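Now for the letters of each chain:
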Amino acid sequence: MRAREPEPQRPRQVKLRLSSPAAATAGALPEIVALLDRVFPRDRPRTPDLMWQYLRNPAGPARYVNAYSESGELIAHYAVLPTPPLAESPVGFARAYFSLNTAVDHKARVPGLMVATARALFRGLQEEEGPALVLGVANENSFQGFVRMLGFRHLGRLSLTLHVPGTLPAITAPRALAQDPIHLAWRAARPGMATYGDPAGGALTVRLRYHGVPLDAVLSTGLPEEAVAGLALPRPAAWVPRLYASFGARVGGGLAVPGRLRPSPLEYIVRVLGDSALVEPVCRYLLPRRFEFLDFDVV
């Protein structure tokens, strides 16, 4: 008699738990920091940055959804950060957000975690607030997932230009987001960053180093002179080259930074929560307006 062949084993179904959408608290940060450190290791301590981003933002605390393994370990995290409203919004939104942190533990081996956490957060925000806007800047790895799986619209690729010391980019496009002195003061107070103010040029800059070479990244230019002067920041050095990044604005002067010198292509994306009829007017509004370093968290 022929021996009976064993039945093939079915893959074990992984159980996970998604948290309800939550507003960030100090008590929630340690496990989020630990996950981000595993997924995106870096030399600079992450806790001061996260306290500043998630808790001290004058627009409100970060909102997030976590995913946990069946053993209770945090394996995925997706967070959005409240932003100032659109400067001259063509439609009414309860809130505007910036898509900030997407992290999935490399060892989780659960497909679709990024999409699951994002969808859960978006559903929660829509149910609580009604129509809302989510802006984002996606790198090469995450861009397709945001557009194909999460319904984001693509608004263009990052413009990155280098300017000689003592000069600023010539920008005529209006800002996409409104600004106020409280938000500017918060943005200028990022831990561990040297921030400078140029009231005459209406500019805020932060000091970076690229392969050991000092650069001043221009967070924004064309801000009201009195708003920059009121921050009482030191003046930027006249001898340091300046780097300007933006979407949706023509940049006068400067040299375009070649793609080979950029860490990753960055794409500008937008998602409207709650009413698909608002997508087209919002895209038409955003495309000609500038979205700068000040508005997205790269520096």
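For clarity, every value in this text was computed on a predicted model and none was experimentally measured. (Residues numbered from 1 in each chain as written. Predicted model: local features only at pLDDT ≥ 70, side-chain atom pairs only at ≥ 80, totals over all residues. Heavy atoms only, no water.)

**Q** Which residues make up the overall build of the protein chain, and what are the values?
**A** The number of helices and strands found in the protein chain is seven helices and 15 strands. Taking 2.2 N^0.38 as the reference for a compact globule, 299 residues should give roughly 19 Å; the C-alpha atoms of the protein chain span a radius of gyration of 21 Å, in line with that estimate. Seen through its C-alpha atoms, the protein chain measures out along the principal axes to roughly 90 × 45 × 40 Å. Looking at the protein chain as a whole, 48% of its 299 residues are labelled buried. Sequence separation of at least 24 residues holds for 78% of the intrachain contacts in the protein chain that already meet a minimum separation of 6. Here the protein chain contributes 34 positively and 25 negatively charged side chains, and the mean placements of these two sets differ by 5 Å. (Helix = DSSP H or I, 4+ residues; strand = E, 2+ residues; numbered from the N terminus. Rg over C-alpha atoms; globule rule 2.2 N^0.38 Å. Buried < 20%, exposed > 50% of the residue type's maximum accessible area, 1.4 Å probe, protein only. Contact = heavy atoms within 4.5 Å. Lys, Arg positive; Asp, Glu negative; His and termini not counted. Charge placed at Lys NZ, Arg CZ, Asp CG, Glu CD.)

**Q** Describe the packing of aromatic side chains, and please don't skip the residues or the numbers.
**A** The tally for this structure, following the rule as stated, stands at 11 aromatic pairs. Between the aromatic rings of Phe-146 and Phe-152, the centroid separation amounts to 5.2 Å while the plane-to-plane angle is 85°, which identifies the pairing as edge-to-face. You can call Phe-146 buried: its relative accessible area is 4%. Pairwise contacts between aromatic rings join Phe-98, Phe-247, Tyr-268, Phe-291, Phe-293 and Phe-296 into one cluster. (Phe/Tyr/Trp six-rings, centres within 6.5 Å; stacked < 30°, edge-to-face > 60°.)

**Q** Let's hear about helix α5 (residues 181-188): which residues, and what values?
**A** Turning to α5, its buried residues are His-183, Leu-184, Trp-186, Arg-187 and Ala-188. Against the buried residues of α5 lie α2 (47-55), β4 (74-82), β9 (195-198), β10 (203-210), β11 (213-220) and α6 (225-229). A distance of 2.9 Å separates the backbone nitrogen of Ile-182 from a side-chain oxygen at the start of α5, and that oxygen is part of Asp-180. (Polar contact = N/O pair within 3.5 Å; in protein donor to acceptor, adjacent residues only side chain to side chain.)

**Q** Can you break down the pattern of salt bridges residue by residue, with the values?
**A** In the structure shown here, the tally under the stated rule is 15 salt bridges. Where Arg-190 meets Asp-49, a salt bridge forms, and the shortest distance between an N and an O atom there is 3.0 Å. With Arg-190 in the loop between α5 and β9 and Asp-49 in helix α2, the pair connects residues that are 141 residues apart, well separated along the chain. Of the residues examined, Arg-190 reaches a relative accessible area of 7% and is grouped as buried. Ionic pairing is found between Arg-290 and Glu-292, a salt bridge with its closest N-O pair at 2.9 Å. According to the relative accessible area criterion, Glu-292 is buried, its value standing at 0%. Within the structure, one salt-bridge network assembled from shared partners comprises Arg-42, Arg-44, Asp-49 and Arg-190. (Salt bridge = Lys/Arg side-chain N within 4 Å of Asp/Glu carboxyl O.)

**Q** Describe the nonpolar core, listing the residues and the values that go with them.
**A** Membership of the largest hydrophobic core comes to 61 residues, with the highest contact counts inside it found for Tyr-54, Leu-286, Phe-291 and Phe-296. Per-element accounting of this core gives the leading share, six residues, to helix α1 (residues 29-39). Within the second largest apolar cluster, 20 residues are counted, among which are Val-80, Val-134, Leu-150 and Ile-269. (Core = buried A, V, L, I, M, F, W, Y, C linked by side-chain atoms within 4.5 Å.)

**Q** So, the confidence of the model for the protein chain: which residues are in play, and what are the values?
**A** In low-pLDDT regions, the fine details of the predicted coordinates are not to be read closely. Overall, the predicted model of the protein chain reaches an average pLDDT of 89, with 94% of residues at or above 70. Counting contacts from residues 1-5, a segment whose pLDDT is below 50, to residues more than four positions away or on other chains yields zero contacts. (pLDDT = per-residue confidence, 0-100.)

**Q** I'd love a proper account of unusual backbone geometry, names of residues and values included.
**A** In this structure, Arg-109 is a non-glycine residue whose phi angle is positive, near 55°. Relative to the elements of secondary structure, Arg-109 occurs in the loop between β5 (95-104) and α3 (113-129). Using a relative accessible area of 75% as the deciding quantity, one classes Arg-109 as exposed. The phi torsion at Ala-232 lies on the positive side, around 50°, for a residue other than glycine. Looking at where Ala-232 falls in the secondary structure, it is placed in the loop between α6 and β12 (242-247).

**Q** Help me get a handle on empty space enclosed by the protein, residues and values and all.
**A** The rolling of a water-molecule-sized probe over the atoms marks out the regions of remaining empty space. Scanning the model with the defined rule gives one cavity of 30 Å³ or more in all. Estimates place the volume of the largest cavity at around 140 Å³. Residue lining of the largest cavity: 16 residues in total, with Leu-81, His-183, Trp-186, Leu-294 and Asp-295 positioned closest to the centre. Breaking the lining of the largest cavity down by element, the ones donating at least two residues are α2, β4 and α5. The element that contributes the greatest number of residues to the lining of the largest cavity is α5, accounting for three residues. Along the lines of polarity and charge, the residues of the lining of the largest cavity split into nine nonpolar, four polar and three charged. (1 Å grid on protein atoms, 1.4 Å probe; cavity = no way out; pocket = protein on both sides within 12 Å on 5 of 7 lines; lining within 4 Å. Points joined across faces, edges and corners; volume = space filled by probe spheres on them. Nonpolar A, V, L, I, M, F, W, Y, C, P; charged D, E, K, R; others polar.)

**Q** Tell me about the environment of Tyr-268, and name the residues and values.
**A** Relative to the helices and strands, Tyr-268 resides in strand β14 (residues 267-273). Once the C-alpha coordinates of Tyr-268 and Leu-158 are considered, the two residues, 110 residues apart in sequence, prove to be 7.0 Å apart. Apart from the residues within four sequence positions on either side, Tyr-268 is in contact with Leu-135, Gly-136, Arg-153, His-154, Leu-155, Gly-156, Phe-247, Leu-286 and Phe-291.

**Q** Go over the side chain of Ser-19, please, and point to the residues and values.
**A** Within the element layout of this structure, Ser-19 appears in the loop between β1 (16-18) and β2 (22-23). Not counting chain neighbours up to four residues away, the residues in contact with Ser-19 comprise Val-65, Asn-66 and Tyr-68.

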